[in-house]
Amino acid sequence: MYEKVIYLRLYNTLTKKIEEFKPYNDKEVTLYTCGPTVYHFAHIGNLRTYIFEDILEKSLEYVGYNVKRCMNITDVGHMSSDADTGEDKMIKGAIRENKTVYEIADYYTEAFFKDASKLNIRKPKIIERASKHIDFYIKMIEKLLKEGYAYISNGNVYFDISKVKDYYALSGKNQEELIIGAREDVNYDIHKRNPYDFGLWFTVSKFANQDMKWDSPWGVGYPGWHIECSGISINYLGEHLDIHCGGVDNIFPHHTNEIAQSEAYLGHKWCSYWLHGEHLNDATGKMSKSKGEFLTVSLLEEKGYNPLVYRFFCLQSHYRNQLVFSYEALDKASSTYNKLLNKINIIKNNTDGIVEEDVLNNYKNKFKEAINNDLNTSLMITCLYDILKENVNNNTKIEVIKSYDQVLSLDLLNDNKKELSSDLIKYIEDKINERALAKQNKDYVKADLIRKELEEKNIIIKDTREGTKYEVI
Ligand code: AMP
Ligand code: ZN
């Protein structure tokens, strides 16, 4: 373990400033990251947020902290609008696929972790399903009711936001403007005292066709979406949380509500640092699971991209900047990533010299500076290019690259080359067949273009007597 860096500087959404990070307990950083709603595949926008959180966790470790990270799986209570209106997302998924909510949850949880692993996103140590902690939410809600923070209306339990100070602090939103807007909303729930009060417990009066339901002091029903993250976090990471993350859309109302109910329940400040990743957008603006092309990791693979090219694409920009996805931009990232791997391969194949500890430590410190600069991933990549150009022996370069890849996780040294996915194999085989057909038709220009297209994706083909063979380098 390296010497701990004292000042890790991160942007805190709560204070709207870059701040020095000081954990509550010096020995261990507690980190909570909102997990996926498992009603469908994650799109690559969702996964951008998980890449940022993965970088954060590994960066904290790089500078010397032990990290205890927890993530929930949302399998109950999340409506299509984050403000408790619209359809229930899980029921929507079950109807779409004619399955039970439990089957949908299992299937898409597994799919999520499969996609995440293709992007070298490490599984958090603690992963908890929202539906497994009902007793704890009930305990919290009972206390909130007893202490006057919550009320019952139309059979549901709501949190009364007028009972907490600084409800809008995290979002920096203007209360008056928001309330006028909400009252004009046709979906406005008339059973709430204030339009931004939120559901802690819904009885089946809200969705009669709800599969996931439990007994409670307020009738058979299910918890609201927000209480699950507070409950799981307090249960597993304790009453003083260091860092809470999510995408920017989580700031309001989800994280705002988490702060309100957690602090009302605990009776003291709960989480010190709030970090939010900006969105990945497509050409039309917002990324969507229902409109336009549904961009998933599998789709990228079907088109012949190594998922790590997408990770590299994300790391080239800062997590607090919006990023626009296009295939042209991904192609550019692919070509840069492949050139980088080629350069590293040459070094790997020409090892020489004894590792120069001074140079190694210098480069580790440069990398830490990039981390301390609010997780500046593009600066981290610059450090990588710098060591490639450095006038030092190759064994030292390899040690630096290995060290950087603990955070970047771009398989830079290809030590743990993954098995090719079936989507990628199919893509390559289809291209080889298309090329064979082009050659049969004497369309050598097309055949050549296909070879080049594959080469750009680091897929090298060789014509042999036994047919065309390929290698992914
Ligand atoms: P969900 O599965 O809808 O609960 O979202 C999972 C995570 O993805 C949340 O942390 C969201 O903030 C985040 N997210 C949603 N849309 C995007 C996007 N277009 N770009 C980046 N992150 C997103
Ligand atoms: Zn959450």
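The sections below set out a description of the structure shown in this document. (Residues numbered from 1 in each chain as written. Chains lettered and ligands numbered in written order. Predicted model: local features only at pLDDT ≥ 70, side-chain atom pairs only at ≥ 80, totals over all residues. Heavy atoms only, no water.)

**Considerations on the pattern of salt bridges**
Phase 1 of the analysis: Under the criterion given, the structure shown has 28 salt bridges.
Phase 2 of the analysis: Between lysine 22 and glutamate 20 there is a salt bridge whose closest N-O contact spans 3.4 Å.
Phase 3 of the analysis: Residue class for lysine 22 comes out exposed when judged on its relative accessible area of 55%.
Phase 4 of the analysis: Take glutamate 20: its relative accessible area is 29%, and that puts it in the partly exposed class.
Phase 5 of the analysis: Salt bridges linked by common partners bring Glu53, Glu57, Glu61, Arg69 and Arg122 together as one network. (Salt bridge = Lys/Arg side-chain N within 4 Å of Asp/Glu carboxyl O. Buried < 20%, exposed > 50% of the residue type's maximum accessible area, 1.4 Å probe, protein only.)

**Some details on the nonpolar core**
Inside soluble globular proteins, nonpolar side chains tend to come together where they are buried.
Phase 1 of the analysis: Ranked by size, the top nonpolar core spans 138 residues in total, and within it Ile243 and Tyr310 carry the most contacts.
Phase 2 of the analysis: In terms of residue count, the dominant contributor to this core is helix H1 (residues 44-62) (nine residues).
Phase 3 of the analysis: Dropping the residues within four chain positions of it, tyrosine 310 is found in contact with Ile44, Gly45, Arg48, Ile51, Leu119, Leu280, Leu300 and Leu330.
Phase 4 of the analysis: Leu424, Ile428, Ile459 and Val472 belong to the second-largest nonpolar core, a separate cluster that totals nine residues. (Core = buried A, V, L, I, M, F, W, Y, C linked by side-chain atoms within 4.5 Å. Helix = DSSP H or I, 4+ residues; strand = E, 2+ residues; numbered from the N terminus. Contact = heavy atoms within 4.5 Å.)

**Points about the sheet that holds strand S13 (residues 285-286)**
Backbone hydrogen bonds hold the strands of a sheet together, and the pairing may be parallel or antiparallel.
Phase 1 of the analysis: With mixed pairing, the three strands of this open sheet are ordered in space as S13-S12-S14. Unpaired on one side and paired on the other, S13 and strand S14 (323-324) mark the two borders of the sheet.
Phase 2 of the analysis: Across two bridges, the pairing between strand S12 (residues 280-282) and S13 is antiparallel. Bridge pairing in S13 links asparagine 281 to lysine 286. (Pairing = 2+ DSSP bridges.)

**Considerations on the packing of aromatic side chains**
Phase 1 of the analysis: Inspection of the entire model under this criterion finds 26 aromatic pairs.
Phase 2 of the analysis: Arranged with centres 4.9 Å apart and planes meeting at 65 degrees, the rings of phenylalanine 21 and tyrosine 273 form a pair that is edge-to-face. Note that phenylalanine 21 is positioned in strand S2 (residues 17-21) and tyrosine 273 in strand S11 (residues 271-277), a separation of 252 residues in sequence.
Phase 3 of the analysis: Note on phenylalanine 21: relative accessible area 1%, which makes it buried.
Phase 4 of the analysis: By relative accessible area, tyrosine 273 is classed as buried at 8%. (Phe/Tyr/Trp six-rings, centres within 6.5 Å; stacked < 30°, edge-to-face > 60°.)

**A short note on helix H4 (residues 134-146)**
Phase 1 of the analysis: Relative to the 18 Å expected for 13 residues at 1.5 Å per residue, H4 spans 18 Å between its end C-alpha atoms, a close match to the ideal helical length.
Phase 2 of the analysis: Of all the positions in H4, only Ile134, Phe136, Tyr137, Ile138, Met140, Ile141 and Leu144 are classed as buried. (Expected span 1.5 Å × (residues − 1).)

**Quick look at the coordination of the zinc ion (ligand 2)**
The textbook angles at a metal center are 109.5 degrees for a tetrahedron of four donors and 90 or 180 degrees for an octahedron of six.
Phase 1 of the analysis: Within the first shell, the zinc ion (ligand 2) binds the protein through Cys34 (SG), Cys229 (SG) and His254 (NE2), at distances of 2.0 to 2.2 Å.
Phase 2 of the analysis: One chain supplies every donor to the zinc ion (ligand 2), and in sequence these donors are spaced C-x194-C-x24-H. With a gap of 195 residues between them, cysteine 34 in the loop between strand S3 (28-33) and H1 and cysteine 229 in helix H6 (residues 225-237) connect regions that are remote in the sequence.
Phase 3 of the analysis: Taking the relative accessible area as the measure of exposure, cysteine 229 reaches 1% and is therefore buried. (Donors = N, O, S within 2.8 Å, 3.2 Å for Na, K, Ca; no water.)

**Concerning the pairing of S3**
Phase 1 of the analysis: Counting buried positions along S3 yields five of six residues, so the element is predominantly enclosed.
Phase 2 of the analysis: Here S3 pairs with strand S4 (residues 66-73) via six bridges, running parallel. When the bridges of S4 are listed, tyrosine 32 appears paired with cysteine 70.
Phase 3 of the analysis: Of the crossover connections in this fold, the one passing from S3 over H1 to the parallel S4 is right-handed.
Phase 4 of the analysis: Sheet topology places S3 next to strand S10 (residues 241-247); three bridges connect them, and they run parallel. In the sheet register, threonine 33 faces S10, and the bridge partner there is cysteine 245. (Right-handed = clockwise from strand over helix to strand, strands pointing away.)

**Some words on the pairing of S11**
Phase 1 of the analysis: Here S11 lies mainly inside the structure; six of its seven residues are buried.
Phase 2 of the analysis: The pairing of S10 with S11 spans six bridges and is parallel. Paired with glycine 247 across the bridge in S11 is glycine 277.
Phase 3 of the analysis: Running through helix H7 (residues 251-266), the crossover from S10 to the neighbouring parallel element S11 is right-handed.

**Focus on the site of ligand 1**
Phase 1 of the analysis: By nearness alone, 17 residues border ligand 1, and Thr37, Gly45, Thr49, Asp249 and Leu280 come closest of all.
Phase 2 of the analysis: Between an oxygen atom of ligand 1 and a side-chain N or O atom of asparagine 46, the distance comes to 3.0 Å.
Phase 3 of the analysis: A distance of 3.0 Å is found between an oxygen atom of ligand 1 and a backbone nitrogen or oxygen belonging to glycine 247.
Phase 4 of the analysis: Contact with the protein chains hides 93% of the accessible area of ligand 1, taken as 500 Å² for the molecule alone.
Phase 5 of the analysis: Assessed atom by atom at 2 Å from the grid points, ligand 1 resides in the largest pocket.
Phase 6 of the analysis: The set of elements that each furnish at least two residues to the shell around ligand 1 consists of H1 and S10.
Phase 7 of the analysis: Looking at which element gives the most residues to the shell around ligand 1, the answer is H1, with four residues.
Phase 8 of the analysis: Considered class by class, the residues forming the shell around ligand 1 number four nonpolar, 11 polar and two charged. (Near = heavy atom within 4 Å. Polar contact = N/O pair within 3.5 Å; in protein donor to acceptor, adjacent residues only side chain to side chain. Areas by Shrake-Rupley, 256 points an atom, 1.4 Å probe, with all protein chains shown as cover. 1 Å grid on protein atoms, 1.4 Å probe; cavity = no way out; pocket = protein on both sides within 12 Å on 5 of 7 lines; lining within 4 Å. Sits in = over half its atoms within 2 Å of the grid points. Nonpolar A, V, L, I, M, F, W, Y, C, P; charged D, E, K, R; others polar.)

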